[in-house]
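Below are the chains, spelled out letter by letter.
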Amino acid sequence: MTDISQERIERAIRTTCATVLRNEHYFSDLDGLAGDGDFGTSLATGFRVIDKEWDEIPKTDIGAMLLKISMLVSKHVGGSSGPIWGTGFMKAAMLTRGKTSITLQELADMLGSAIEGIQARGGAKLGDKTLLDALIPVHEKLKEHAAGDGDVCAALCEAAAAADSAVDETRNLVAHRGRASQVGERSANTPDPGIVAIATILHDWCKDCGLAQTPNAAEVAKATA
Amino acid sequence: MKKFVNDPAQFVPEFMKGIALANPGLLDFNAEFQMVTRKGGVDKSKVSIVQGSGSGHEPAHVMAVGPGMLTGACQGAVFAAPPVDACYETIKACNSDAGVLVLVNNYQGDRMAWDMATELATAEGINVRQFWINDDVAVEDSLYTVGRRGVAGNFFVIKACGAAAEQGKSLDEVEAIAKKVNDNVRTMGVALTSCIPPAKGTPIFDLGEDEIEVGVGIHGEPGRRREKIQPADQITEELFEAVASDIPFNSGDRVAIMVNGLGGTPITELYVIYAKAHELAEKAGFTVVRNYVGEYCTSLEMAGASLTILRLDDELEALLDAPAETAARIF
């Protein structure tokens, strides 16, 4: 089983910044279909700060780095996405204090803890048409591979496919949380931009492994292009 | 817009600097986290009381720091929750062996920021708890809340908890006092005009020349209804009825009454409201043992007022009587 180095996690964060900044307007357009149309801009505002202040973010260990990122995301990502995404990073940071490499099992545990934190913070559950509908199946894939072959890239690429499938699987659901919930039935037949964002980020991580896949959901295909 | 503002982005740091410079013997100011703490550091043998919320409500929050009141507070931008790192640093700066109690007004942004900060501080081994204040009877849910909003009743929670902490009460006891105050305090406000956040430069809501917003929130959020301006006594009756019927208060109750200015109403008008509120309280069989007329929780320059009634018992009365010193002094 290969360990995941801090350097690799740093690269994943840089990739995430690129993904979010590239899709700033597209994610907002998707949000505009049922929400208030600011998701892409909110997310990009935070990740632009991370990108700009990258050299100042502490790199002593993975936990210190992720904690700083959590603070920047909470502070600069607008609306409820800031505390929600910030909580995810915070939970991951708490499990990686003092570590400079992690196992795939530890990565799965970080995501598991992030999911619990996000659920507690925002009160959403599976099927509420939020980013949790992507993160929960992704967590399953990471656990499977951690218990099995331990192949990090294979795990990430299957996780990307699982998040991607969540876009279409939740498309017809009515949102129960976040701004989209306020339009009720109107949120059906629209993709959730948070789920699209998670799937896109994972597809880009998979590309970093040299294993680019063709997305299923039309929105993810557009966002990864 | 005519305001005493240089750069709207610097409005909060600039007024905080002014408060710090005006109170050198009382406050320490940390510009990076827009945080003030009591001069001379934390008494580790006593529970620390902490708060932090958006700016624009002064003297609420930062100006309520001092002996017998808050131990420390941090400010967000105007009407925006403080960032998580500021909340976390405030808890750390106020860390005490007796524990830290964070008094959070019930708004989603504030709650999420303090939730995260509390979780981080707990992981660091700090004994910290949160208590949510929600005294506004106007609406059940609002633009920024699930559940009722925390407004001027916040003052009484701070005052009672600050006094209890000063007396050396434990974290459990101070938390129980917060709950007792919150369970027995009710508020409703009314706006005659909107307010203008400096960075926005325009009123946050439109109110006709002859209209008032009954049940307004301290960020200009909608209340119960909009109606035509009426004589002060009628408006006061409406507020009194809404507040007094809520718990409900009962004949024979000993109460404190607060008439709080929202920022743009002269104190004389607040006393016009107080006169009627006092009369209505006596008519309802309440004994008014303390009163508070002035600005405690504002909404920038909004003209308007809120009425708060707090039911007292011997314990709360003694806590309100205890000495306290803050930057919001009048002498």
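Residues numbered from 1 in each chain as written. Chains lettered and ligands numbered in written order. Predicted model: local features only at pLDDT ≥ 70, side-chain atom pairs only at ≥ 80, totals over all residues. Heavy atoms only, no water.

For the rest of this paragraph, the subject is the interface of chain A and chain B. Contact residues are listed per partner, giving 14 residues for chain A and 10 residues for chain B. Between chain A and chain B, the buried area comes to about 1,200 Å², and carbon and sulfur atoms account for 69% of it. Together, M71(A), K75(A) and R121(A) form the three largest contributors to the area buried by chain A at its contact with chain B, with a combined 44%. The interface formed by chain A and chain B contains five salt bridges. Salt-bridge contacts for E119(B) lead to K91(A); the nearest nitrogen and oxygen are separated by 2.4 Å. The tally of links from chain A across to chain B stands at two residue pairs in polar contact (both at pLDDT 80 or more). Ranked by the residues each element gives to the side of chain A that touches chain B, the list is headed by helix α5 (residues 81-94) of chain A, at six residues. (Contact = heavy atoms within 4.5 Å. Buried area = accessible area lost by both parts, 1.4 Å probe. Salt bridge = Lys/Arg side-chain N within 4 Å of Asp/Glu carboxyl O. Polar contact = N/O pair within 3.5 Å; in protein donor to acceptor, adjacent residues only side chain to side chain. Helix = DSSP H or I, 4+ residues; strand = E, 2+ residues; numbered from the N terminus.)

Residues and elements named next belong to chain B. Looking at the assigned domains, one finds that chain B contains domain 1 (8-183) and domain 2 (185-314). Just the C-alpha atoms count here: the centres of domain 1 and domain 2 sit 23 Å apart. Contacts between the two partners involve 30 residues from domain 1, matched on the other side by 36 residues from domain 2. Between domain 1 and domain 2, the buried area comes to about 2,700 Å², and carbon and sulfur atoms account for 66% of it. Contact with domain 2 buries surface across domain 1, with F79, V137 and F156 losing the most and accounting together for 23% of the total. Across the salt bridge formed by D246 and R148, the nearest N and O atoms sit 2.8 Å from each other. Between the two partners, domain 1 and domain 2, sit 17 residue pairs in polar contact (both at pLDDT 80 or more). Of all the elements in the fold, those that place two or more residues in the side of domain 1 that touches domain 2 are α4 (154-166) and α5 (171-184). No other element matches α5, which puts four residues into the side of domain 1 that touches domain 2. (Domains from an automatic or database assignment.)

Our next topic: the packing of helix α7 (residues 132-147) of chain A against helix α9 (residues 193-208) of chain A. Residue and element names in this part refer to chain A. Where α7 contacts α9, the axes come no closer than 8 Å and their chain directions differ by 40°. It follows that α7 is oblique to α9 by the angle criterion. For the pair formed by α7 and α9, the contact residues are D133, A134, L135 and V138 on the first element and I195, I198 and L202 on the second. Taken together, the residues that form the contact of α7 with α9 break down as six nonpolar, no polar and one charged. (Axes fitted to C-alpha atoms, helices over the stretch in contact; angles between N-to-C directions. Parallel < 35°, antiparallel > 145°, perpendicular 65-115°, else oblique. Nonpolar A, V, L, I, M, F, W, Y, C, P; charged D, E, K, R; others polar.)

Residue and element names in this part refer to chain B. Reading across the sheet, the six strands line up as β1-β2-β4-β3-β5-β6 and stay open at both edges, with mixed pairing between neighbours. Each of the sheet's edge strands pairs with one partner strand only, and the pair in question is β1 (27-30) and β6 (128-133). Adjacent strand axes in the sheet meet at a mean angle of 20°, parallel and antiparallel pairs treated alike. In terms of strand pairing, strand β3 (residues 48-55) meets strand β5 (residues 100-105) through three bridges, oriented parallel. Looking across to β5, one finds that I49 is bridged to L101. Here helix α1 (residues 11-22) sits on the sheet and contacts β1, β2 (35-38), β3 and β4 (72-78); the angle it forms with β4, its principal contact strand, is near 150°. Packing against the sheet, α5 makes contact with β3, β5 and β6, and its axis sits at approximately 5° to β6. (Pairing = 2+ DSSP bridges.)

This part covers empty space enclosed by the protein. Residue and element names in this part refer to chain B. For the structure on display, the rule yields two cavities of 30 Å³ or more. Size it by volume and the largest cavity reaches roughly 60 Å³. Lining of the largest cavity is provided by D136, V151, A152, T187, M188, G189, V216, I218, N260, L262, C297 and S306. Tallying contributions element by element places strand β7 (residues 185-191) first for the lining of the largest cavity, with three residues. Broken down by class, the residue content of the lining of the largest cavity amounts to seven nonpolar, four polar and one charged. Looking at the second largest cavity, its volume works out to about 40 Å³. What lines the second largest cavity is simply S53, A60, H61, N105, Y107, G150, V151, N154, I218 and C297. Classifying every residue of the lining of the second largest cavity by side-chain character gives five nonpolar, five polar and no charged. (1 Å grid on protein atoms, 1.4 Å probe; cavity = no way out; pocket = protein on both sides within 12 Å on 5 of 7 lines; lining within 4 Å. Points joined across faces, edges and corners; volume = space filled by probe spheres on them.)

Next up on the list: the packing of aromatic side chains. Pairs of aromatic rings are described using the distance from one ring centre to the other and the angle between the two planes. What the rule picks out here adds up to 12 aromatic pairs over all chains. Where F47(A) meets W85(A), the ring centres are 6.3 Å apart and the plane angle is 80°; that geometry is what we call edge-to-face. On the criterion of sequence distance, the pair formed by F47(A) in helix α3 (residues 39-52) and W85(A) in helix α5 is long-range, its members being 38 residues apart. Each member of the pair, F47(A) as well as W85(A), is classed as buried. Ring centres of F155(B) and F156(B) lie 5.3 Å apart, and the angle between their planes is 75°; on these two criteria the pair is classed as edge-to-face. Assessed through its relative accessible area of 15%, F155(B) is described here as buried. For F156(B), a relative accessible area of 0% puts it in the buried group. Ring pairs connect the aromatic residues F27(A), F39(A), F47(A), W85(A) and F89(A), which therefore count as one cluster. One cation-aromatic arrangement involves K59(A) over W54(A); the distance from NZ or CZ to the ring centre is 4.5 Å. (Phe/Tyr/Trp six-rings, centres within 6.5 Å; stacked < 30°, edge-to-face > 60°. Buried < 20%, exposed > 50% of the residue type's maximum accessible area, 1.4 Å probe, protein only. Lys NZ or Arg CZ within 6 Å of the ring centre and 35° of its normal.)

Moving on, we come to the pairing of β3(B). Residue and element names in this part refer to chain B. With eight of its eight residues buried, β3 lies for the most part within the structure. Looking at chain direction, β3 and β4 are connected through five bridges and run parallel. Paired with G52 across the two strands is C74, which belongs to β4.

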